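Next come the chains, spelled out residue by residue.
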Amino acid sequence: PIIKHAQALYVETHKSEQAAQLNCERARFNIMADHIRSSAFLISQGTYPSNEGRGYVLRRIIRRAVRQGYQLKMPQHFFSRLVPSLVDVMGEAYPDLVKAQTNVESVLRREEDAFAQTLDQGMKLLEKALSGSSEKIISGEVILGHIHTRLAKLQPVEHADLQNFLREVLLPSIAHYSELAKETY
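Values in this document were obtained by computation on a predicted structure and should not be read as measured data.

Conventions we followed
Residues numbered from 1 in each chain as written. Predicted model: local features only at pLDDT ≥ 70, side-chain atom pairs only at ≥ 80, totals over all residues. Heavy atoms only, no water. Helix = DSSP H or I, 4+ residues; strand = E, 2+ residues; numbered from the N terminus. Buried < 20%, exposed > 50% of the residue type's maximum accessible area, 1.4 Å probe, protein only. Contact = heavy atoms within 4.5 Å. pLDDT = per-residue confidence, 0-100. Core = buried A, V, L, I, M, F, W, Y, C linked by side-chain atoms within 4.5 Å.

For this particular structure, what's the right way to read the overall build of the chain?
Scanning the chain for helices and strands turns up nine helices and zero strands. The buried share among the 185 residues of the chain stands at 40%. Residue pairs at least 24 apart in sequence account for 67% of intrachain contacts in the chain once pairs closer than 6 positions are excluded.

Just to check I follow, could you spell out the environment of L72 for this structure?
You can see L72 is positioned in the loop between α4 (53-71) and α5 (83-90). Taking the relative accessible area as the measure of exposure, L72 reaches 3% and is therefore buried.

Help me understand the confidence of the model for the chain in this model?
Keep in mind that low pLDDT regions are not for reading the predicted coordinates in detail. Looking at the chain, pLDDT values average 77 and 63% of them are 70 or higher. Within the chain, the lowest mean pLDDT, 55, falls on helix α8 (residues 140-154), and the highest, 95, falls on helix α6 (residues 95-99).

In this structure, what is going on with the nonpolar core? I would like to understand it.
Soluble globular proteins tend to bury their nonpolar side chains together. Counting 30 residues, the largest nonpolar core has I36, F79, L82, V104 and L108 as its most contacted members. Contributions of two or more residues to this core are made by α1 (2-13), α3 (26-44), α4, α5 and α7 (101-131). Top contributing element to this core by residue count: α3, with seven residues. Among residues more than four places away in sequence, those in contact with F79 are M32, H35, I36, S39, I62, A65, V66, L108 and E112.

Shown next as structure tokens:
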């Protein structure tokens, strides 16, 4: 039921290409279903997203699931909208989950918003760094300073945009500065 609910949200957004895509994206839906279960149970037992300990693990679980949804272009707050399906499936066996449903939805919605804001800030930093370069070369100062520390925190390696950034911008920039170093020394 949880996967079907996630797929229904997907189909609601992508009506024309639904059948072919659903089979290709099955793994993403499985990740979302697994992660909504673990996230909801952690939150219902008093763990909240944070930057340390169990809260950090929870944050990473939530953000990995949300990234899967972003890859599928799911609607906003799709992850928190899966909670009712989870409660329908597991609520009888886990009554604490039923009691915590509203709180779980609220925590997940806030974390989805925080992650969207974090990604937006990271992309603005990247766009700003790239705006002055026609060759997609970022200065070493920016790579080692501002962008490096912020992107490392903002975008986990699994994120496709970061992989493209590494392949198309960072690696050519490193190669460019390596060539300059050879010429200088």
